[in-house]
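Coordinate inspection notes
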Amino acid sequence: MTDKYIGAIDQGTTSSRFIIFDYQGKIISSAQLEHKQIYPKPGWVEHDPMEILTNTKKAIAQALKSASISIDMLISIGITNQRETVIIWDKETGKPLYNAIVWQDIRTSSLCKKLEQEHGNDFFRKKTGLPIATYFSASKIKWMIDNVQEVSDAIKDNKACIGTIDSWLLWNLTDHIHATDITNAGRTQLFNIIDWDWDSDLLELFSIPKTALPNVKSSINTEGFGYLVWEGETTNVSINAILGDQQAALFGQNCFSKGEAKSTYGTGAFLLMNIGSEFYLSDNGLLTTPAYSIGNDKPVYALEGSIALAGSLVQWFRDNIGLIKQSPEIEQLASSVPDNGGVYCVPAFSGLFAPYWNSSAQGLFTGLTHHSNSGHFARAILEATAYQTNDVFRAMEADTGISLKQLMVDGGMTENNLLMQFIADIIECEVTRPMIKETTCLGAAFGSGIASKYWNLEDVKKIQTEDKTWHPTLEEQERKKLLEGWTKAIKKSITT
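Residues numbered from 1 in each chain as written. Predicted model: local features only at pLDDT ≥ 70, side-chain atom pairs only at ≥ 80, totals over all residues. Heavy atoms only, no water.

1. A short note on the overall build of the protein
The secondary structure content of the protein amounts to 16 helices and 23 strands. Its C-alpha radius of gyration of 22 Å places the protein within 12% of the 23 Å reference for a compact globule of 496 residues. Evaluated residue by residue, the protein yields a buried proportion of 60% over its 496 residues. Within the protein, counting contacts between residues at least 6 apart in sequence, those at least 24 apart form 72% of the total. Surface exposure of the protein reaches about 19500 Å², of which carbon and sulfur atoms provide 47%. For the protein, the distance from the average position of its 44 positive side-chain charges to the average position of its 58 negative side-chain charges is 2 Å. (Helix = DSSP H or I, 4+ residues; strand = E, 2+ residues; numbered from the N terminus. Rg over C-alpha atoms; globule rule 2.2 N^0.38 Å. Buried < 20%, exposed > 50% of the residue type's maximum accessible area, 1.4 Å probe, protein only. Contact = heavy atoms within 4.5 Å. Areas by Shrake-Rupley, 256 points an atom, 1.4 Å probe, with all protein chains shown as cover. Lys, Arg positive; Asp, Glu negative; His and termini not counted. Charge placed at Lys NZ, Arg CZ, Asp CG, Glu CD.)

2. As for the environment of Ile-101
Relative to the helices and strands, Ile-101 is located in strand E7 (residues 100-101). Distance from Ile-101 to Glu-118, taken between C-alpha atoms, is 25 Å for residues 17 residues apart in sequence. The residues contacting Ile-101, other than those within four sequence positions of it, are Val-45, Glu-84, Thr-85, Val-86, Arg-107, Lys-140, Trp-143 and Met-144.

3. Considering helix H4 (residues 137-147)
Across the 11 residues of H4, nine count as buried, placing the element largely inside the fold. Within H4, the full set of buried residues consists of Ser-137, Ala-138, Ser-139, Lys-140, Ile-141, Lys-142, Trp-143, Met-144 and Ile-145. Taken together, the buried residues of H4 touch strand E6 (86-90), E7, helix H2 (109-119), helix H5 (149-156) and strand E8 (160-164).

4. Focus: the sheet that holds strand E13 (residues 226-230)
Across a sheet, paired strands are connected by hydrogen bonds in the backbone, their directions being either parallel or antiparallel. One open sheet holds the six strands; their spatial order is E3-E2-E1-E5-E14-E13, and the pairing between them is mixed. Among the strands making up the open sheet, the edge pair consists of strand E3 (27-34) and E13. Averaged over all neighbouring strand pairs, the angle between strand axes comes to 25 degrees, with direction disregarded. As defined by bridge partners, strand E1 (residues 5-11) adjoins strand E2 (residues 15-21) across six bridges and the pair is classed as antiparallel. Along E2, the bridge assignment pairs Ala-8 with Ile-19. Lying on the sheet, helix H9 (residues 245-252) is in contact with strand E5 (74-81) and strand E14 (233-244); it crosses E14 at an angle near 90 degrees. (Pairing = 2+ DSSP bridges. Axes fitted to C-alpha atoms, helices over the stretch in contact; angles between N-to-C directions.)

5. Describing the pairing of E1
On a regular strand, each side chain points to the face opposite its neighbour's, so the side chains alternate between the two faces of the sheet. A large share of E1 lies buried, amounting to seven of its seven residues. Alternating residues of E1 divide into Tyr-5, Gly-7, Ile-9 and Gln-11 and Ile-6, Ala-8 and Asp-10, and every residue in both groups is buried. Bridge count for E1 against E5 is seven bridges, and the pairing is parallel. What sits directly across from Gly-7, in E5, is Ile-77. Remark: three residues form the turn of the hairpin made by E1 and E2, two consecutive strands paired antiparallel.

6. Comments concerning the nonpolar core
Formed by 131 residues in total, the largest nonpolar core has its most connected members in Ile-162, Leu-190, Ile-208 and Trp-455. Ranked by the residues each element gives to this core, the list is headed by helix H12 (residues 374-400), at 11 residues. Contacts of Trp-455, omitting those with residues within four sequence positions, involve Ile-6, Phe-21, Asp-22, Tyr-23, Gly-25, Ala-445, Phe-446, Gly-449, Ile-450, Val-460 and Ile-463. Ile-165, Trp-168, Val-237 and Ile-239 belong to the second largest nonpolar core, which has 34 residues in total. (Core = buried A, V, L, I, M, F, W, Y, C linked by side-chain atoms within 4.5 Å.)

Next comes the structure, spelled out in structure tokens:
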């Protein structure tokens, strides 16, 4: 095994990466390239699919070159990707017919409101585990069909391929195989996660032909999705694992048992809890979503709570407010004051996600006085992520009846010790960061390695170990006071 490696593609909201892992789980090499964020109108967010594909190929080439590794030294590759972001391309030319519409995009808000009024959220939740929302792929696909002539024509001529980012990459990195896995299909709002197939009622409602959609396979696929085509030649490198980014992080954090939970703090924040193989709906505003499936084993479900802005809120503070020059500087600025001084930030720039699901909520700062200064603003920015984490955390406990003792965390924001300690204080629970912090990519690598029998579950449990744990230290009276202030701020955001 010493001269063989596992590769992982991590196609995220802001960049594309390729990481090469050895048998010990050590990162041998990596490469990462950012892509443009396209904002045609307020609330619209797009990516150039060709730029993403080009950057992914460049990242693979750069990582191989950096490690002096040839492509045939890879046993297999896993893919993890930003979810819900969707592309429609021509199956004959392979060219995208419109930009990718990103998960953050809210152009379909009026359509979603109309569908909720006509059908009610339970119609969608009982099939997909998801409320009707702009967040998911279905309404984005419908918008492209209705508003882009090239897409409409391709649908009529049976020339359209519709897929999330993983499908787009798989198509272009193999011999045009059109497939996806259950974790990505489960985020389109078109996939029935009880029957494990595209839902005919939903396809009819959104006017989407099943023939344009990818085949749905197990996330960790022992038969593989297809073989990598590299420099015009089909290789023996199997692409055999696909996981949406948050499910990949759950897998990379070794949350294999019911009741284990993780939170990824990246562009947004995403909390997932493994709830086992039994499907049930949340009574507290969470999503029920496929977590992963291994081979022919019964799929595992997760409860999920999504926070729209986490790291991107710090970037907004950096770029739009200008009180810091680099994102990490926010920790020092926030530490310049002993508390938030009564200042709260509700970052409802695109409404509020779980557990509120209120697209009309508005972003705000509240509690400002003559005493307020830049440190209080910085602290309020960081604390917003912790308060929202607590909202989701408590909803998970209420849904499952499980008292969570530990939250596994990953993502760039976990380097912020002030934030991690405050999260531990607010949720009254241990917060643990793993030794290998690239858990999204690691989860895709684990899945690929398991599918190719490079590793087994016991092997990957030994690879991922603890780096640091934060324990709650805040007095209960102070904690309650802070949460009361947050509740008041949320109410103002929703009623503004």
